[in-house]
Amino acid sequence: MDPFDAGAGGILRQPKAVWATAGASVVAFMGIGLVDPILPSIARGLEATPSQVSLLFTSYFLITAIAMLVTGFVSSRIGGRRTLLAGLALVVVFAGLAGTSGSVGELVGFRAGWGLGNALFVSTALAVIVGAAAGGSAAAILLYESALGLGMACGPLLGALLGDASWRYPFFGTAFLMAVGFLCITAFLKEQPKPARKTSLLDPLKALGHGGLASAAVSAFFYNYTFFTVLAFTPFVLDMTPYRSGAVFFAWGVLLAVFSVIVAPRAQARFGSLKVLGGSLLLLAADVLVLGYGDRTTAIVCTILSGAFIGVNNTVYTELALGVSAAPRPVASAGYNFVRWFAAAAAPYFAPKIEEWSDVHVPFVVAAVTAVAGALVVVVRRKALTHEAEVLQPRHATEDGVGAFAN
């Protein structure tokens, strides 16, 4: 069945509960790139250095990584609907508080609370969408990936539109939109059955004992360092107005969405997942290296182009993480994300520091090296990442328990 088919079970004919959750997911993923165009404005408004402002990403993703050990524990006890609502409520509160910050320290702290809420929401959203969707998981997962891509594309645009007046407005705007999402899920989503087995706090860590899953997580760790060097450090290098920066990252997000949802599956079917992933990582490494040494026009083009490689990588890594081990999908996803989001926390902090210690080119050299390291892990561990995934994939394809802060 074509998941784009408008017939019963297609992506366009889903229950209101699915659309409500997908809509809230768009806003949740918007929150990741929302601050991109306004990072320089925040630095000026709060009299902070780039490395201090970059802690907005570090606190957000550090809490997100740690929360991955908690989300399955919580959702398996209180249910998916209540977990979604708890996450949305935390985002509403902390995004609103972020807009009132009087110092960069307060803003960093509020972003940490926001990260906890977002982790609870997005780690549960895919499972809820799959459970409530009509026509099986294919259309539901595609809808979730589309929501992710749309959110990543629109986040910088919203940040630019609202941030042009004040860096505080994007935070208030996010709080408002998440409140709307809270009301929609309250109205349209019914509670789904709880898992037969409750997840313990240690289950995700135990799942990482599987060689294939651990390999995917380590490779994704290196990749995420590259990804978030581009996302969190490049705005300072481009040094544009919020509108122009927002336009650049909107184009970046559009490529991310298109290559994640449309190009990656076709490339995988033709060349195989690991060849696609390894090639895309090497192309990303070359792209960020040119970005770091090119003039402003070259940097803009390379920033936008990186969205294509990031979109491909996100899709392939998600499938590897969810299909390579015998662990239930929510547990495998939590362990995988626990590892890789630490790199998302590290890159925004270390990239400006590396610039202070050396020059503006070196952070991109480091990012290129980490992308190559991710590719090397894929090559060296290819047997662990292919054989068991092929054996286990049919079992996973029938599971309803899908949980991932997927990309």
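Residues numbered from 1 in each chain as written. Predicted model: local features only at pLDDT ≥ 70, side-chain atom pairs only at ≥ 80, totals over all residues. Heavy atoms only, no water.

K.L.:
Just to check I follow, could you spell out the overall build of the protein chain for this structure?
P.N.:
Of regular secondary structure, the protein chain possesses 16 helices and zero strands. The 407 residues of the protein chain split such that 58% are buried. Taking contacts inside the protein chain between residues at least 6 apart in sequence as the whole, the part at least 24 apart equals 86%. Accessible area for the protein chain stands at about 15100 Å²; split by element, carbon and sulfur atoms hold 69% of it. (Helix = DSSP H or I, 4+ residues; strand = E, 2+ residues; numbered from the N terminus. Buried < 20%, exposed > 50% of the residue type's maximum accessible area, 1.4 Å probe, protein only. Contact = heavy atoms within 4.5 Å. Areas by Shrake-Rupley, 256 points an atom, 1.4 Å probe, with all protein chains shown as cover.)

K.L.:
How should the packing of aromatic side chains be read in this particular structure?
P.N.:
Aromatic ring pairs: the centre-centre distance and the angle between the two ring planes describe each pair. Counted under the stated rule, the structure contains 17 aromatic pairs. Between Y60 and F61, the ring centres sit 4.9 Å apart and the planes meet at 80 degrees, which makes this aromatic pair edge-to-face. Side by side, Y60 and F61 carry an identical accessibility label, which is buried. Consider the rings of F338 and F342, whose centres lie 5.1 Å apart with planes at 85 degrees: the pair is edge-to-face. One end of the pair is F338 and the other is F342, both in helix α14 (residues 329-357) and four residues apart, which spans about a single turn. Classification of F342 by relative accessible area gives partly exposed; the value is 28%. If you follow R111 out to its NZ or CZ, it ends over the ring of F57, 5.9 Å from the centre. The positively charged end of R111 is found above the aromatic ring belonging to W114, 4.7 Å away from the centroid. (Phe/Tyr/Trp six-rings, centres within 6.5 Å; stacked < 30°, edge-to-face > 60°. Lys NZ or Arg CZ within 6 Å of the ring centre and 35° of its normal.)

K.L.:
What should I look at first to understand unusual backbone geometry in this one?
P.N.:
Only a minority of non-glycine residues have a phi that is not negative, and only a minority of peptide bonds are not trans. A positive phi angle is found at E47, which is not glycine, with a value near 50 degrees. Position of E47 relative to the elements: it lies in the loop between α2 (39-45) and α3 (50-53). For D239, which is not a glycine, the phi torsion comes out positive at approximately 50 degrees. Residue position: D239 is located in the loop between α10 (211-238) and α11 (242-271).

K.L.:
Teacher, can you tell me more about the nonpolar core here?
P.N.:
Among soluble globular proteins, nonpolar side chains are generally buried collectively. Core analysis: the largest hydrophobic core is formed by 119 residues, its most contacted members being I42, F61, F121, F171, I185, F228 and W252. If one sorts the elements of this core by residue count, α10 sits on top with 14 residues. The contact partners of F61, leaving out residues within four places of it in the chain, are I32, F228, W341, A344 and A345. (Core = buried A, V, L, I, M, F, W, Y, C linked by side-chain atoms within 4.5 Å.)

K.L.:
Looking at this structure, how should I read the packing of helix α1 (residues 16-33) against helix α6 (residues 104-132)?
P.N.:
In a packed pair of helices, the relevant descriptors are the angle between the two axes and the axis-to-axis distance. At their nearest, the axes of α1 and α6 sit 9 Å apart, and the two run at 150 degrees to each other. One finds that α1 runs roughly antiparallel with respect to α6. Every pair of crossing elements has a handedness; the one defined by α1 and α6 is left-handed. Of the residues in α6, those touching α1 at V18, T21, A22, A24, S25, A28, F29, G31 and I32 are R111, W114, N118, F121, V122, A125, V128, I129 and A132. Counted by class, the contact of α1 with α6 contains 13 nonpolar, four polar and one charged residues. (Axes fitted to C-alpha atoms, helices over the stretch in contact; angles between N-to-C directions. Parallel < 35°, antiparallel > 145°, perpendicular 65-115°, else oblique. Left-handed = near helix turned anticlockwise from the far one by under 90°. Nonpolar A, V, L, I, M, F, W, Y, C, P; charged D, E, K, R; others polar.)

K.L.:
Explanation requested: the side chain of T370 in the structure shown.
P.N.:
In this fold, T370 is placed in helix α15 (residues 362-380). Among all residues touching T370, those that are not within four sequence positions of it are F222, Y223, Y225 and T226.

K.L.:
What should I look at first to understand α14 in this one?
P.N.:
With 29 residues, α14 extends 42 Å from end C-alpha to end C-alpha; this agrees with the ideal 42 Å at 1.5 Å per step. Of all the bends in α14, the greatest, near 30 degrees, is centred on A347, and the proline P348 appears no more than four residues after it. (Expected span 1.5 Å × (residues − 1). Bend = angle between axes of the 7 residues up to and from the residue.)

K.L.:
Just to check I follow, could you spell out the environment of L157 for this structure?
P.N.:
Here L157 shows up in helix α7 (residues 137-163). Counting along the chain gives 90 residues from L157 to A247, while the straight-line C-alpha distance between them is 6.4 Å.

K.L.:
Which parts of the structure should I look at to understand a nonpolar patch on the surface?
P.N.:
Where nonpolar side chains cluster on the molecular surface, the patch consists of L157, L161, Y243, F250, V254, V258 and I262 and spans about 540 Å² of accessible area. At the level of secondary structure, the elements contributing two or more residues to the nonpolar patch comprise α7 and α11. It is α11 that provides the largest number of residues to the nonpolar patch, a total of five residues. Checked against the element boundaries, F250 lands in helix α11. (Patch = residues over 30% accessible without salt bridge, like charges linked within 9 Å, V, L, I, M, F, W, Y side chains within 5 Å. Salt bridge = Lys/Arg side-chain N within 4 Å of Asp/Glu carboxyl O.)

K.L.:
Would you mind going over a positive patch on the surface with me for this structure?
P.N.:
Taken together, the side chains of R77, R82, K194 and K198 define a basic patch exposed on the protein surface. Checked against the element boundaries, R82 lands in helix α5 (residues 80-98). (Lys, Arg positive; Asp, Glu negative; His and termini not counted. Charge placed at Lys NZ, Arg CZ, Asp CG, Glu CD.)

K.L.:
For this particular structure, what's the right way to read the confidence of the model for the protein chain?
P.N.:
When pLDDT is averaged along the protein chain, the result is 84; 89% of the residues meet or exceed 70. Element-level mean pLDDT values for the protein chain span from 56 in helix α16 (residues 382-397) up to 97 in α15. In this model, residues 388-407 is a region of pLDDT below 50 whose contacts with residues beyond four sequence positions or in other chains number 71 contacts. (pLDDT = per-residue confidence, 0-100.)

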